[in-house]
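The lines below spell out each chain.
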Amino acid sequence: METLTRAITGSASPNLSLPQNDSVNRRRLLGYRHGFTSLSLGTLRSQRRSRFFTKVQCSQQTSKNSIDFSDPDWKSKYQQDFERRFNIPHITDIFPDAHSFPSTFCLRMRTPVNEDFAEGYPSDEEWHGYINNNDRVLLKVIHYSSTTSAGAECIDPNCTWVEQWVHRAGPREKIYFRPEEVKAAIVTCGGLCPGLNDVIRQIVITLEIYGVRNIVGIPFGYRGFSDKGLAEMPLSRKVVQNVHLSGGSLLGVSRGGPSVSDIVTSMEERGINMLFVLGGNGTHAGANAIHNECRKRKLKVAVVGVPKTIDNDILLMDKTFGFDTAVEEAQRAINSAYIEAHSAYHGIGIVKLMGRSSGFIAMQSSLASGQVDICLIPEVPFNLHGPHGVLRHLKYLIETKGSAVVCVAEGAGQNLVEKTNATDASGNIVLGDVGVHIQQETKKYFKEIGIPADVKYIDPTYMIRACRANASDGILCTVLGQNAVHGAFAGYSGITVGICNTHYVYFPIPEVISHPREVDPNSRMWHRCLTSTGQPDFI
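Residues numbered from 1 in each chain as written. Predicted model: local features only at pLDDT ≥ 70, side-chain atom pairs only at ≥ 80, totals over all residues. Heavy atoms only, no water.

**Student:** Sorry if this is basic, but what is going on with the sheet that holds strand β14 (residues 403–409) here?
**Tutor:** Pairing between the strands of a sheet comes from backbone hydrogen bonds, and it takes one of two forms, parallel or antiparallel. The strand order across the open sheet built from 4 strands is β13-β14-β12-β15, with neighbouring strands paired in parallel fashion. Two strands in the sheet have a free side with no partner beyond their single neighbour: β13 (374–376) and β15 (454–458). Taking the axes of each pair of neighbouring strands and ignoring which way they run, one obtains an average angle of 15 degrees across the sheet. Across 7 bridges, strand β12 (residues 347–353) lies against β14 in parallel orientation. Bridge assignment links Gly 349 to a residue of β14, and that residue is Val 405. Sitting on the sheet, helix α9 (residues 323–343) touches β12, β14 and β15, and the angle it makes with β12 is about 165 degrees. Most of the contacts of helix α11 (residues 390–400) go to β14, to which it runs at about 150 degrees, and overall it touches β12, β13 and β14. (Pairing = 2+ DSSP bridges. Helix = DSSP H or I, 4+ residues; strand = E, 2+ residues; numbered from the N terminus. Axes fitted to C-alpha atoms, helices over the stretch in contact; angles between N-to-C directions. Contact = heavy atoms within 4.5 Å.)

Here it is in structure tokens:
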């Protein structure tokens, strides 16, 4: 059975990437692989200095493409390859004779769109609110002068500046779908995340502005395409008007689902020709596989993703929706841990936050609170025991401050806990509970050294996931939902919408799902976190 999470494997285009940006290579260099029980500081620092720039290798192992920096034309070749990879798929790739129509989206038009469009499509040539197809947004905005600069992302040893442009998101003057012929479907997959209802609401509202009247929700993720007991949910502005006032998902969520072939067959039977998919890396892998299957069957279907991950681990994007809310809500848990620890004799508060492979929530929450003494994330290895371990530093904090607060991401320190050897429905490895492990080891350590310690443990994961989006995420969700619809009507498919350097853009899905985005331990943001906590290296 062809599963959604594996379907992307054969369909992604070769991905030209930098050695220091590639997740696997970076983990090899820094020793961040699960299974290490200890790592010396000297070894880590020497490995950080060992960077090789002789060639930029394609991340797909099967690809033979590479760029040799001894070639005087390497820069132009790199740019050509980048443009090829970031060219977003369009229905004219499969249907060269596809007709375009004047857009039905015009904010100068104040009268409702006529359902039968007897007089043609309303248009206002004087309105300058459309995006030109050739508009681009700069992907990287910092020109690093040296590979040793904090957070440097260089293509070659000399940090040569190479412009990399991506497609600007927004409404186009020409559309490739007649609104009265559109049946649009929305599906939410994976776990809960603040802002799901906001995105659903805005997709529906924007579709109606274009003139679409046939809008449905697919219940409980991809499962809703195959489970005969799950009926489509008709959606309209009246239905979704106030859904953003509560958390969760109006449509429900689930992991896993039927085969890609079965999903596309179900879409054909239902007459769906626009599909909006809200989810993370695995869900987007499924969306890209659906897009490819539709192209294979020569179906005029637009598949557009909206990246939903509370962990903020989608590549190339400033942030994903739900992240700001998660950081804000995490403050309550951290503040509670601080009060508990500060009020107790030798109190220690431990808070575990989300972050399977990326420590953005733990890092940003620690920075925002100003109450965290130790922040532990998956990207940075640490030892619990030993002269430089976390427990020894906790002893120092108790002796000098009288209390301490620890913030740990759920994916941190997995080499220290027993492996479960289990996976969830999405194929994700079920992580060991590092928070409980640190709590138990902390109690054991202080008991052994004869120092009383009052250890409190807080896991607010499900409280945070179920929250309503805050104002910042509400704005982000609104714009993402609008731009998803604009992209579909413009004829793009196999894309996702995101925010890049404060501008909204379209990315081809394969470019953002090759691996999770991670905290760079040499980035300024991580350095700021270390400055705030005052913690040493725990290796």
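**Student:** Hey, could you run me through the nonpolar core in this one?
**Tutor:** Inside soluble globular proteins, nonpolar side chains tend to come together where they are buried. Counting 75 residues, the largest nonpolar core has Ile 186, Leu 207, Met 274, Phe 276, Phe 321 and Phe 489 as its most contacted members. Judged by nonpolar contacts, the second largest core, of 34 residues, contains Val 216, Phe 225, Val 260 and Cys 294. (Core = buried A, V, L, I, M, F, W, Y, C linked by side-chain atoms within 4.5 Å. Buried < 20%, exposed > 50% of the residue type's maximum accessible area, 1.4 Å probe, protein only.)

**Student:** How should the state of the cysteines be read in this particular structure?
**Tutor:** Should the sulfur atoms of two cysteines be covalently bonded, the bond is a disulfide. Applying the stated rule across the entire model yields 1 disulfide. Note on Cys 375: no disulfide assigned, nearest cysteine sulfur contributed by Cys 529 at a separation of 4.1 Å. (Disulfide = S-S within 2.5 Å.)

**Student:** Just checking my understanding: could you explain unusual backbone geometry for this structure?
**Tutor:** Excluding glycine, a negative phi dihedral is what most residues carry, and trans is how most peptide bonds are arranged. Although it is not a glycine, Lys 298 sits at a positive phi angle of roughly 55 degrees. Here Lys 298 lies in the loop between α8 (281–296) and β11 (302–307).

**Student:** Explanation requested: the packing of aromatic side chains in the structure shown.
**Tutor:** Two aromatic rings are characterised by how far apart their centres lie and by the angle between their planes. The final tally for this structure, using the stated rule, is 7 aromatic pairs. Aromatic side chains Phe 82 and Phe 86 sit 4.2 Å apart centroid to centroid with 20 degrees between the ring planes, which places their arrangement in the stacked category. Since its relative accessible area comes to 4%, Phe 82 is described here as buried. Seen from their ring centres, Tyr 492 and Tyr 506 are 6.0 Å apart, and the 50 degrees between their planes marks the pair as tilted. Of the two residues, Tyr 492 sits in the loop between α14 (471–489) and β16 (495–500) while Tyr 506 sits in strand β17 (residues 503–508), which places them 14 residues apart along the sequence. Grouping residues by exposure puts Tyr 492 and Tyr 506 together as buried. Ring-pair connections join several aromatic residues into one group, and the members of that group are Phe 82, Phe 86 and Phe 507. The ring of Phe 177 carries the charged tip of Lys 300 above its face, separated from the ring centre by 5.1 Å. (Phe/Tyr/Trp six-rings, centres within 6.5 Å; stacked < 30°, edge-to-face > 60°. Lys NZ or Arg CZ within 6 Å of the ring centre and 35° of its normal.)

**Student:** Looking at this structure, how should I read the sheet that holds β11?
**Tutor:** The mixed open sheet is built from 9 strands, whose spatial order is β4-β5-β17-β16-β11-β10-β7-β8-β9. The strands lining the two open edges of the sheet, one partner per strand, are β4 (136–138) and β9 (233–234). In this sheet, strand β10 (residues 274–279) lies alongside strand β7 (residues 183–188) in parallel orientation, the contact comprising 5 bridges. In the strand pairing of β10, Ala 185 is matched with Leu 275. Relative to the sheet, helix α5 (residues 196–210) contacts β7, β8 (214–218), β10 and β11, its axis offset from that of β10 by approximately 165 degrees. With respect to the sheet, α8 is in contact with β10, β11 and β16, its orientation differing from that of β10 by roughly 160 degrees.

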